[in-house]
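Observations on the model geometry
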Protein chains: 2
Amino acid sequence: MPRYLQIVHAIREKINQGEWVIGSKLPTQRAIAEQFHVNRSTVITAIEILKAEGLLEGKAGSGIYVVNNRWSLSAAISPPDWEDLTQWSLQPPSDHTVQTINELESRKDLIQLSKGELEPDLFPKAEIATALTRVSSQLEQFGYGNGLGDIGLRIEISKHMQQYGVCTAPESILIVSGALQALTLIAVGILKKGSTIFLENPSYLHSVNLFRTAEIAIKPISVGENGLNIEELFQQKIIKGSSALYVNPTYQNPTGTTMSSEQRKVLMDKCRYFQLPVIEDDIFRDLWIDERAPAPLKTLDPFGQVLYVGSFSKTIDPGLRIGWLAGPEDVIKRLSDVRMQTDYGSSYISQALVRELLSSGLYEQHLQKVRTRLKEKREFLLQLLRLHLSEYATWRAATGGFFIWVSLHKKTNMHQFFRTCLNNGVLINPGFIYNDSQPAIRLSYAYEEIGKMEEAIIKVKEILKNG
Amino acid sequence: MPRYLQIVHAIREKINQGEWVIGSKLPTQRAIAEQFHVNRSTVITAIEILKAEGLLEGKAGSGIYVVNNRWSLSAAISPPDWEDLTQWSLQPPSDHTVQTINELESRKDLIQLSKGELEPDLFPKAEIATALTRVSSQLEQFGYGNGLGDIGLRIEISKHMQQYGVCTAPESILIVSGALQALTLIAVGILKKGSTIFLENPSYLHSVNLFRTAEIAIKPISVGENGLNIEELFQQKIIKGSSALYVNPTYQNPTGTTMSSEQRKVLMDKCRYFQLPVIEDDIFRDLWIDERAPAPLKTLDPFGQVLYVGSFSKTIDPGLRIGWLAGPEDVIKRLSDVRMQTDYGSSYISQALVRELLSSGLYEQHLQKVRTRLKEKREFLLQLLRLHLSEYATWRAATGGFFIWVSLHKKTNMHQFFRTCLNNGVLINPGFIYNDSQPAIRLSYAYEEIGKMEEAIIKVKEILKNG
């Protein structure tokens, strides 16, 4: 802290603690300067700041006086009522439980069956360091860019998507900071107010406010063993030009279900007939465990009806803030304009880093490690569930991704259950944050270590037994 | 491109180019497999995709037939009308001229007197490479973070702000992707619909849509030699709880004016009296040329009335996407929640890089180079103006930042003037994009090289002479 600020702090303390009362005269500048071993100009700076704060005042020819302290000041003038201001803003606060979970996910003393992130050991430190060295050696001025993102990265993503059958030119790809931002851009840049978005129930998307903010109505459609209930969807009133479908067909968050190839074809046929635009959230695709997932809806889309969302948050690290959106070129151009109006694009360094990870093959190598480990951990969690929870719950093994969706047999107060788990040191995601009315929990095997997972499931068993 | 996709492309081409007409039978799978030197399963995959696209159809026991081509398909079914969809969305498209300028700023054949970025030679390549090496050696899993941003970076920014007299704890700092995002967060997270925001005129902010999107009314207040016209501001109706002031008091964009210390005190006294929240955009502060700018409004803010916006886009590179917002802790917490709901925070790599640049002193070293160079270039541009444009215009020398605001003497059609400059290879920013009704242009001396600047000003002179 600079010297003059130290003086500001010291004097402010003396005044606010009542050592220097209102009306008292300050020591001379010289005296203060000597006390703090500084020169007089530093003291003058400090006094100016305290004058600006309203604590001190100079009286002509007489010296500097204390005219206020913290309390007299706050009684005289009150600051803007921020609380009142924020209360009516466009963006509502997060759901209380979601906010709590977000905060608790950083607590090291809790067992994290909540966290939808890879375990620390799977963080590709060496791969990132190698890629960063490469990035360092090729540095050039980045600039603002054009909103679409680095062309090199878009080419690599285009190649990456070809691996699962999606042919998309780099011009039809927009780099975003993650799936959430992709959806935000769609919500404010494409959907009109009063539109209806059809959405899986339960769905991760219910835990964020984003469509609500843009005044878009949400219609939940149930999720069965084969994913989205297609029949239920097409029993709804679908208004051309003001409806869209959001769907997460592969390793759905939170239920872990995956739509079969057959179901995907049926869905896309019907969506085509109803001219219903589709937002395909496919961020878990690279995390297949047993075998590759059926091809994306986007591969069944000759007319540019699908906006495809991908991400590296789940496979590398969310701190990169790199994902992408692929769709018809005109739509992508429009959304890149919206992007330029909100945050001017993604970090160039992050983009260059992911580009290097993809082009060097380090990403694919890393994925192989991730898949092996996820398989082990999924097996382990399933075994724990069989061993301890068979009496209390049912579940389905996900074929990829991070999550197992556990449905409890008995009617349970899930708010209370969430709290009891927490009090026992276990953080889980209760189904209600995904808008599920049944007693269910989402368990993640991605983050926590095996020993802790066991400890947690045993605790959950005890809670269910006593509850 | 994978083999099966090559087959898809080849067959699609044959159909669409009319080589294989509708109704014709496809060669056998074996024949196709031989032709492409692949095995039959690859051919089957390709045919499945083409069936999904509606081009092919299997007839039981008879083989595969061409049933559609591109044209018959598009006649039968049309894709969603994206154009219609986007037309009514929450976010309006950018102003046409602003969009044009954004695109033209990447054109190497134009002389860029428009660009508000440092010249390529001032890109701190070596400094960034050094910092990245440091970052590489300290890599740890990043994760989602808490919305506020990396604590190490927030500590460095807190220290940085102390240099100009702002005392802010790291808890009161939110890392953002730049000033634009800071303002977006404030618009959706704090201001209520129907609020009024007072704003300088001309102002950079008029060239973006962001307050319009959030349904916030904009009241322009004129800018004089001393910056914002304070008297004019307080002649307005200021409704407590639904008004705020946006102000860019230091090297204002686009006019280059700076408010004096005296004016700042008057402004803050009045804002305090009216309980008017202040958004202080101070992104050019570190780019002082002749002497340090007067202390920020934030230093005159004992009650937490000011939200302070800073950025590294102008001083290092906009591609980093790192800026910050400082204000009362509760407000910052609220905005970090909004951030978590829109894009989950800034790139960790970018944050770590800036942290290293600040803590190592490399940022400060770089700034010294930047200031020396900006001084040279400003002097040069002023000399050019004196030499060539004295007859046609007046201007004021900015004491920092990037811009000189040039007011033309004669009534001029500025849309036409902008176009004529462009046709002569010179890109300038016309005053009307900043909502200025007078004939004026913003010239940047930051980006273009000296020889080109001279060429451009001579061309502008010719245009004014003939216009």
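This text goes with the structure placed above it.
Analysis parameters
Residues take numbers from 1 onward in each chain, read along the sequence in its written order. Chain A is the first chain written and ligand 1 is the first ligand written, with later ones labelled in order. In keeping with the predicted nature of the model, local features appear solely for residues at pLDDT of at least 70, side-chain atom pairs appear and are counted solely at 80 or more, and the whole-chain, interface and lining totals rest on all residues. Only hydrogens and water are removed before side-chain values are computed, so all heavy atoms of the structure are retained for them. In DSSP terms, a helix is any run of H or I states spanning at least four residues, a strand is any run of E spanning at least two, and both are numbered starting from the N terminus. A simple rule labels every residue: compare its accessible area, found with a 1.4 Å probe on the protein chains alone, to the largest value its type can have, and call it buried under 20%, exposed over 50%, or partly exposed in between. Should any heavy atoms of two residues lie within 4.5 Å, those residues are considered in contact. Neither His nor the chain ends contribute to the count of charged residues, in which Lys and Arg are positive and Asp and Glu negative. Here the site of a charge means NZ on Lys, CZ on Arg, CG on Asp, or CD on Glu. We define a salt bridge as a side-chain nitrogen of Lys or Arg found within 4 Å of a carboxyl oxygen belonging to Asp or Glu. Two N or O atoms count as a polar contact when they lie within 3.5 Å, although within protein this holds only if one can serve as hydrogen donor and the other as acceptor, and sequence-adjacent residues are included solely when both atoms are side-chain atoms. Two rings from Phe, Tyr or Trp (for Trp, the six-membered ring) form a pair when their centres are within 6.5 Å of each other. A pair whose planes differ by under 30 degrees is stacked, one over 60 is edge-to-face, and the rest are tilted. For two strands to pair, DSSP has to find at least two bridges joining them. Between N-to-C directions, angles span 0 to 180 degrees; the directions come from axes that are lines fitted to C-alpha atoms, helices contributing only their stretch in contact. Here, expected helix span is obtained from the residue count minus one, scaled by 1.5 Å. As used here, the arc belongs to the directions running from the helix axis to the C-beta atoms.

1. Here we look at the overall build of chain A
From N to C terminus, chain A includes 17 helices and 16 strands. Considering only C-alpha atoms, chain A reaches an extent of 90 × 60 × 50 Å along its principal axes. In chain A, buried positions account for 62% of the 467 residues. Taking the intrachain contacts of chain A between residues at least 6 apart in sequence as the baseline, contacts between residues at least 24 apart amount to 71%. Counting 51 positive and 51 negative side-chain charges, chain A places the averaged centre of each group 2 Å from the other.

2. Side note on the interface of chain B and chain A
It is common to report an interface's size as the accessible area lost on association of the parts. In this assembly, 102 residues from chain B lie in contact with 100 residues from chain A. At the junction of chain B with chain A, the criterion picks out 2 salt bridges. For Lys265 of chain B, the salt bridge identified is with Glu48 of chain A, shortest N-O distance 3.9 Å. Between chain B and chain A we count 24 residue pairs in polar contact (both at pLDDT 80 or more) in total. Considering each element in turn, the side of chain B that touches chain A owes the most residues, 8 residues, to helix 13 (residues 329-342) of chain B.

3. Remarks on unusual backbone geometry
A cis amide bond links Asn253 of chain A with the next residue in sequence, Pro254 of chain A, at an omega value of 20°. Along the polypeptide, Pro254 of chain A turns up in the loop between strand 8 (243-247) and helix 12 (261-273). Positive phi outside glycine occurs at Tyr251 of chain A, with the angle close to 50°. Looking at the element boundaries, Tyr251 of chain A is found in the loop between strand 8 and helix 12. Look at Arg321 of chain B: it is not a glycine, yet its phi comes out positive at around 55°. Secondary-structure assignment places Arg321 of chain B in the loop between strand 10 (306-311) and strand 11 (323-326). A relative accessible area of 5% means that Arg321 of chain B is categorised as buried.

4. Brief notes about the packing of aromatic side chains
What characterises a pair of aromatic rings is the spacing of the ring centres plus the angle enclosed by the ring planes. Evaluated as defined, the whole model comprises 24 aromatic pairs over all chains. A ring pair is formed by Phe142 of chain A and Phe123 of chain B, whose centres lie 5.0 Å apart and whose planes are at 70°; its orientation type is edge-to-face. Remark: Phe123 of chain B occurs in the loop between strand 3 (111-112) and helix 7 (125-137) and Phe142 of chain A occurs in the loop between helix 7 (125-137) and helix 8 (151-162); the pair is interchain, linking two chains. We note that Phe142 of chain A, like Phe123 of chain B, is buried. An angle of 75° between the planes, with centres 5.8 Å apart, marks the rings of Phe284 of chain A and Phe402 of chain A as edge-to-face. Of this pair, Phe284 of chain A sits in the loop between strand 9 (278-281) and strand 10 (306-311) while Phe402 of chain A sits in the loop between strand 12 (393-395) and strand 13 (403-408); the two residues are 118 residues apart in sequence, bridging distant segments of the chain. Residue Phe284 of chain A is classed as buried on the basis of its relative accessible area of 1%. Grouped by ring-pair contacts, the aromatic residues Phe123 of chain A together with Phe142 and Tyr348 of chain B constitute a single cluster.

5. Observations concerning the sheet that holds strand 9 (residues 278-281) of chain B
Residues and elements named next belong to chain B. The strand order across the open sheet formed by 8 strands is 4-11-10-9-8-5-6-7, and the pairing between neighbours is mixed. Pairing within the sheet leaves two strands with one partner each, and these edge strands are strand 4 (173-176) and strand 7 (227-228). Note that strand 9 and strand 10 share 4 bridges and pair parallel. Note that in strand 10 the partner of Asp281 across the bridge is Val309. Packed on one face of the sheet, helix 9 (residues 179-189) meets strand 4, strand 8 (243-247), strand 9, strand 10 and strand 11 and runs near 120° to strand 4.

6. Description of helix 12 (residues 261-273) of chain B
Residues and elements named next belong to chain B. In a regular helix each residue adds 1.5 Å, so 13 residues correspond to 18 Å; helix 12 covers 18 Å between its end C-alpha atoms and thus fits that length. The complete set of buried residues in helix 12 reads Arg264, Leu267, Met268, Cys271 and Arg272. Looking straight down helix 12, one finds that the buried residues subtend no more than 130° of arc, so they occupy a single side. Of the exposed residues in helix 12, the ones pointing more than 90 degrees away from its buried face are Glu262 and Tyr273. A positive phi of about 50° marks Gln275, the residue just after helix 12.

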